[in-house]
Amino acid sequence: MSYLEYVIGAYAVFALYLAWDFWAPRLRLSRTRREIAARARREAARAATAAGKEPSA
Amino acid sequence: MSAVSAWSTARAQARRDLQLVWRRRGDAAQPLLFTVMVVALFPMALGAEPNQLARIAPAVLWVAVLLAGLLTLDSLYRSDVEDGSLEQMLLAPVPLAWLLLVRVLVHWATTALPLVLVSPLLAEFLYLPRELLPVLLVSLALGTPLLSLLGAVVAALTVGIRRSGMLLALLALPLFLPVLVFGAGSVMAAAQGLSSWAGALLLLGAGLALALVLAPLAAAAAIRIALS
Amino acid sequence: MNRLLLWFHQLGSPPVFDRFAARWTPWGFGLGLVGMAIGLYGALFVVPADYQQGDSFRILYIHVPAAWMSLMVYALMAVYAAIALIWHIKLCEVLAMACAPIGAWFTAVTLATGSIWGRPMWGTWWDWDPRLTSELVLLFLYLGVIGLNAAIEDRRAAARAAGFLAIVGVVLLPIIRYSVEWWNSLHQGATIRMFGEDAMDPSMKWPLWVMIIATKAWFVGSLLQRARADNLAREAGKDWARAAAGVEK
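Reading the values: rules and limits
Sequence order as written defines the numbering, with residues in each chain counted from 1. Here every chain gets a letter starting at A, and every ligand a number starting at 1, in the order they are written. Reporting in this predicted model follows two pLDDT cut-offs: at least 70 for local features of residues, and 80 or more for side-chain atom pairs to be given and counted; totals over whole chains, interfaces and linings ignore these cut-offs and use all residues. Note on contacts: residues are paired as contacts if their backbone-placed C-beta atoms lie within 7 Å. Side-chain classes are defined by residue name, with Ala, Val, Leu, Ile, Met, Phe, Trp, Tyr, Cys and Pro counting as nonpolar, Asp, Glu, Lys and Arg as charged, and the others, Gly among them, as polar. Secondary structure elements are taken from DSSP: a helix is a run of H or I of four residues or more, a strand is a run of E of two residues or more, and numbering for both begins at the N terminus. Axes here mean lines fitted to C-alpha atoms, for a helix over just the part in contact, with angles spanning 0 to 180 degrees between N-to-C directions. Here the word oblique covers every angle except those under 35 degrees (roughly parallel), over 145 (roughly antiparallel) and from 65 to 115 (roughly perpendicular). Here is the rule for handedness: rotate from the far helix to the near one, and if that takes an anticlockwise turn smaller than a right angle the crossing is left-handed, while a clockwise turn gives right-handed.

What follows deals with the interface of chain A and chain C. With 24 residues of chain A at the interface, the matching set in chain C holds 29 residues. The residue inventory of the side of chain A that touches chain C, partitioned by class, reads 16 nonpolar, two polar and six charged.

Here you go:
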């Protein structure tokens, strides 16, 4: 009986898992970095408009 | 003000819980009706052939009681979280674990004990052989408080989450598994004529003894974590 | 205070951990990959075919390490959770929650490879073998921890509650395992399912050991990477996080 398909299947499952385990956290890390940068920009913009409005308030 | 002792607080807690259940006694009948309905589902689905039903009877009864227990877990702490009484219990001069033990026992007596008492009738619906009835009753009498105690720990973790019913069920089921295996398994072993049914019941008893001490402590720790 | 203790304390600080994880993650992944390449090459091409099971037993070289990892990661998760709950160390909360998805995936791989291996052995994809059934329950325990962590909004409270659940699970795990084996002896009768790994010739064992070490190294890399991402996300408002994200002042 040829076990080849089963062996290939099992090894493929493992390889897929390794790939996912490698990439998913990296994607999350880069998304977190982008979110931090976006948040910093929003807060800087908010501070700038507040400072700009102060004299006329 | 009368002196506070463990016994007086236990009585007060038990009286309060029983009064609350009595005021909503219609609701308290729901686990019973649910179990009866679930048991009735199986002949509906499988057909009414007595031998077939008799073979699966212990398993169906156990699963029905277990599922009913899962559904009632949410009511263990829900109303007290919503009106702040749970935080008052945290501040009580007696250990929270003691109050929780009383709470769980009252909860078991009002939700699961009726099921155990009605189980002979349900066993008749499924043509369970009469000789197996004592083993079934003992397994349920030992297993249902164990389920309530284990469930109390898991329910304590989800106390702060809204609409956590399904999550609670998913978290509790793996922990319920050994109780189901030994509970239903004891009856199945007796049905097959094996002597291991006694060992399974003893294991349930040992588990119950441990859980009576450890589960309230774990549940108290879990409530502190969940409410922090 | 000696230097090791000082380093250990400093590691608990989020920015220090971020740098530590950034430095050592590639090592974990690299060593893991190299080890797996060696081990799997040996498993596929060097080791002779088993006289009873043919070539399908080569799946064992993935199945067994994955099963070991699924159990080890659960125990480690419970240890981190216990440290976090007793000593209130924030980093251990992060590490415990980062363990959960990795362990869940290893459990899934164990189940999948066990099922694929069982297909030629048993004729069906699933057989309620006691070991695989216990792995299935372990998967549910992992998913419970992950689900509870996701269900609570406050990240610290979520990690503590899910960590507590992990500890409860690790205490009950031997009981669950024993109950499944008892159930199996009750219902399956005398048929013994042997995977035969204990009866392996020593010359066939070396790829197994290589794989076990390699998966541990991979786990370290993956854990550090996930913990780093979670750490950064939790500290998103802090200055060091902005610096790490490359935001200019």
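And the narrative resumes.
So, about the arrangement of the chains. When the two pairs of chains in contact are compared, the highest contact count belongs to chains A and C. In this structure chain A stays clear of chain B, and the shortest span between their C-alpha atoms is 25 Å.

Bringing the interface of chain C and chain B into the picture now. Counting residues at the interface gives 22 residues for chain C, matched by 24 residues for chain B. Elements with a contribution of two residues or more to the side of chain C that touches chain B: helix 5 (130–151) and helix 6 (155–187) of chain C. Considering every element that reaches the side of chain C that touches chain B, the biggest residue donor is helix 6 of chain C, with 14 residues. Taken together, the residues that form the side of chain C that touches chain B break down as 18 nonpolar, three polar and one charged.

Moving on to the packing of helix 4 (residues 90–122) of chain C against helix 5 of chain C. Residues and elements named next belong to chain C. Relative orientation of the contacting elements helix 4 and helix 5 amounts to 150°, with a least axis distance of 9 Å. Classified by the angle between their axes, helix 4 and helix 5 sit roughly antiparallel to one another. For the pair helix 4 and helix 5, the crossing hand works out as left-handed. Counting all contacts with helix 4, which are made through Met97, Ala100, Pro101, Gly103, Ala104, Thr107, Ala108, Thr110, Leu111 and Gly114, the residues of helix 5 involved are Leu132, Glu135, Leu136, Leu138, Leu139, Tyr142, Leu143, Val145, Ile146 and Asn149.

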